Amino acid sequence: MADRRGETWKRHISEQLRTRDRLQRHAFEEIISQYNRLLEKSDMQAVLSERYQSDGPRAAQHSGADGGVRGDLQQEMSQMRIKHQEELTEVHKKRGELAQNVIELNNQIQLKDKEIQSNEAKMLEYHQQIASLEGDCCKLRTYLQDLERANQMLKDEYDALQITFSALEEKLRKTTEDNQELVSRWMAEKALEANRLNAENEKDCKRRQAKLQKELADAAKEPLPLDPDDDIEVLADDGGKGEASSPSRPLSRTPSKRNTQVPPGGLLDSITNIFGRRPGSSLGTSPENPETPLGGMDLRVPSTALHVFEAHDGEVNAVRFSPGSRLLATGGMDRRVKLWEVVSGRCEPKGSLTGSNAGITSIEFDSTGSYLLAASNDFASRIWTMDDFRLRHTLTGHSGKVLAARFLLDNARIVSGSYDRTLKLWDLRSKVCMKTVFAGSSCNDIVCTEQCVMSGHFDKKVRFWDIRAESIVTELELQGRVTSLDLSQERTELLTCSRDDLLKIIDLRTNAVRHTFSAPGFKCGADWTRVCFSPDGSYVVGGSADGGVYVWNVLTGKLDRLLDKNHSSAINAVSWSPSGTFVVSVEKGSKAVLWSDL
């Protein structure tokens with residue numbers, strides 16, 4: 001193949017040279033013919049000259065007779081010689097020019113030869129590249145065939161898996177139907193068992209009542225011993241029935257000086273749980289709410305760090321007290337929610353909630369303290385039950401980090417706000433998203449009333465949403481990106497924090513700013529820095545980028561207290577216990593601090 005290609009380009013070059021020879025020779029043909037004629041004339045002149053020289057003596061003999069003729073001939077020959085010399089000079093000149101042209105053409109031929117050699121080298125290199133590319137093409141064809149075979153194999157496997165999946169899906173459907181039937185049967189059995197237990201309990205209750213009535217009747221027949229030192233207060237009974245039944249015994253109640261026994265707290269709690277606690281009742285407090293009720297709280301402005309402890313392995317983003325004030329939850333970048341019990345001024349670890357695939361950004365308890373809601377950076381919100389620390393719901397649907405999630409007042413719905421600029425309303429009974437609202441900006445925090453959701457956004461606006469209408473009722477623009485929202489206990493005032501390092505209280509009845517709080521050195525450290533009201537709404541507290549906890553008095557609008565000795569990095573969130581006794585702050589490091597004035 002290489003020899004054939006070499007002969008081809010050589011033949012091509014030869015044809016080009018012949019063509020060039022034909023084209024350029026035409027310009028010189030006339031000059032060459034003139035040159036040949038001049039040569040012929042020059043030869044003729046030379047012959048005539050020789051003849052003239054040989055005829056010289058002979059001409060002398062006949063000079064007299066032929067003098068006139070020879071003179072004319074000499075003159076004619078002289079003119080011819082001059083003319084021939086001029087033509088010869090012109091021919092020599094043209095020959096010199098032609099020689100110069102030949103030299104130039106030879107130089108051009110040499111240059112062309114060099115170009116031909118260079119082109120031959122390039123062609124050889126190109127042939128080598130072509131051979132290499134042909135080898136690569138062969139390899140790629142082989143690889144493509146292998147891929148096609150592998151693709152066909154995967155397709156066959158996919159078809160087989162699809163058939164298997166269809167069979168398993170059918171099996172799952174049948175299993176689900178069987179499970180539903182078993183559940184129905186189990187529920188029927190449980191109902192029968194419950195009816196049987198109710199019947200047995202009713203019988204047992206009747207037996208106990210009969211036994212109690214018998215004991216009361218026996219006790220009524222026995223005489224009551226009296227102590228002379230006892231104070232006796234006689235309560236007269238106008239009815240004749242009591243006198244008839246016991247004529248020999250006075251109808252009176254005599255409180256003894258002996259100490260009466262108070263029923264244990266557990267019994268009172270059980271009674272309260274069965275019959276319900278009356279409003280304002282102070283018989284006892286439940287274990288979940290051991291502190292003083294809000295109406296009679298003794299609010300304490302924090303002044304002392306009771307406990308400094310390592311809360312998480314890394315940054316701590318969120319903190320929240322349970323409604324009972326004894327339980328504390330923190331969330332961090334280690335993907336855990338940790339629970340702490342406040343005992344004797346210390347936070348003792350109680351458990352850890354797992355299941356999140358990214359850092360926790362927000363924490364919220366429901367109003368009963370039975371559930372905990374956490375938002376995280378893995379685009380989801382999760383709910384755990386507090387009695388067994390188990391993950392119950394995972395709500396996914398956002399396309400960005402979920403920065404805030406809150407329970408509505410009915411505890412059956414939640415609202416979540418995300419970096420994807422949407423808010424979603426979730427129904428916990430059906431575990432589905434009921435509504436999605438596009439807010440137009442990343443949502444950093446949320447608070448809720450009965451029918452209104454308030455959201456703080458990256459575009460410096462606080463938006464008020466009507467849940468029923470899915471529309472914005474109104475907007476309020478601040479001077480910086482909104483990082484935190486909190487409602488007062490009466491839900492009439494809204495506390496905001498923004499990146500312009502200002503805290504503001506907004507009156508929700510007029511949508512006007514009532515108070516603005518600031519302090520030298522206070523700086524909002526992140527887009528998710530959380531601040532909060534005190535339980536009675538008389539103070540607000542926030543954490544600064546310099547590690548200080550700032551407490552402002554709402555009535556005076558002035559800074560009441562600065563706690564700046566225990567944090568070594570920016571504070572991300574604070575929480576005031578519902579009892580008003582404790583404040584907890586968490587930082588970008590790994591520490592949390594429990595504060596009070598004890």
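Residues numbered from 1 in each chain as written. Predicted model: local features only at pLDDT ≥ 70, side-chain atom pairs only at ≥ 80, totals over all residues. Heavy atoms only, no water.

## Some words on the nonpolar core
Thinking step 1. Among the nonpolar cores identified, the biggest contains 15 residues, and Phe 321, Leu 328, Cys 347, Val 584, Val 586 and Leu 594 are the most heavily contacted of them.
Thinking step 2. Elements that contribute at least two residues to this core include exactly β4 (316-321), β6 (337-343), β29 (583-587) and β30 (591-596).
Thinking step 3. The element that contributes the greatest number of residues to this core is β4, accounting for three residues.
Thinking step 4. Not counting residues up to four positions away in its chain, the partners in contact with Val 586 are Val 316, Ala 318, Val 319, Thr 330, His 567, Ile 571, Asn 572, Ala 573, Lys 591 and Ala 592. (Core = buried A, V, L, I, M, F, W, Y, C linked by side-chain atoms within 4.5 Å. Buried < 20%, exposed > 50% of the residue type's maximum accessible area, 1.4 Å probe, protein only. Helix = DSSP H or I, 4+ residues; strand = E, 2+ residues; numbered from the N terminus. Contact = heavy atoms within 4.5 Å.)

## A word on the sheet that holds strand β19 (residues 471-477)
Thinking step 1. One open sheet accounts for four strands, arranged β16-β17-β18-β19; its pairing is antiparallel. Of all the strands in the sheet, the pair left with one neighbour each is β16 (443-448) and β19. Averaged over all neighbouring strand pairs, the angle between strand axes comes to 20°, with direction disregarded.
Thinking step 2. Direction of pairing for strand β17 (residues 452-457) relative to strand β18 (residues 461-466): antiparallel, over a ladder of five bridges. Directly across from Gly 456, in β18, lies its bridge partner Val 462. (Pairing = 2+ DSSP bridges. Axes fitted to C-alpha atoms, helices over the stretch in contact; angles between N-to-C directions.)

## With respect to the packing of aromatic side chains
Thinking step 1. One pass over the structure, following the stated rule, counts six aromatic pairs.
Thinking step 2. Note on Tyr 539 and Trp 576: the rings are 6.4 Å apart at their centroids and 35° apart in plane angle, and the pair reads as tilted. With Tyr 539 in strand β25 (residues 539-543) and Trp 576 in strand β28 (residues 571-576), the pair connects residues that are 37 residues apart, well separated along the chain. The same class applies to Tyr 539 as to Trp 576, namely buried.
Thinking step 3. Ring geometry for Tyr 550 and Trp 552: centres 5.9 Å apart, planes at 20°, overall stacked.
Thinking step 4. Using a relative accessible area of 0% as the deciding quantity, one classes Trp 552 as buried.
Thinking step 5. The structure contains a cluster of three or more aromatic residues connected by ring pairs, namely Phe 517, Phe 522, Tyr 550 and Trp 552. (Phe/Tyr/Trp six-rings, centres within 6.5 Å; stacked < 30°, edge-to-face > 60°.)

## Thoughts on the sheet that holds strand β27 (residues 559-563)
Thinking step 1. The strand order β24-β25-β26-β27 describes an open sheet built from four strands, whose pairing is antiparallel. Edge strands, defined here as strands with exactly one partner in the open sheet, are β24 (532-533) and β27.
Thinking step 2. As judged from the five bridges shared by β25 and strand β26 (residues 549-553), these two strands associate in the antiparallel manner. Looking at β26, one finds that Gly 542 is bridged to Tyr 550.

## Overview of the pairing of strand β11 (residues 390-396)
Thinking step 1. Here six bridges tie strand β10 (residues 380-385) to β11, and the two strands are oriented antiparallel to one another. Bridge assignment links Ser 381 to a residue of β11, and that residue is Leu 395.
Thinking step 2. A loop of four residues connects β10 with β11, the two strands running antiparallel in sequence, and Phe 389 in this loop sits at a positive phi of about 60°.

## Brief notes about the pairing of β6
Thinking step 1. Pairing of strand β5 (residues 327-332) with β6 involves five bridges; the strand directions are antiparallel. The residue bridging Gly 331 from the neighbouring strand is Val 337, located in β6.
Thinking step 2. Here β5 folds back onto β6 in antiparallel fashion, the turn holding four residues, of which Arg 335 has a positive phi close to 70°.
Thinking step 3. Direction of pairing for β6 relative to strand β7 (residues 346-353): antiparallel, over a ladder of seven bridges. Residue pairing for β7: Val 337 is matched across the bridge by Leu 353.
Thinking step 4. Where β6 folds back onto β7 in an antiparallel hairpin, the turn is made up of two residues, including Ser 344, whose phi is positive at roughly 55°.

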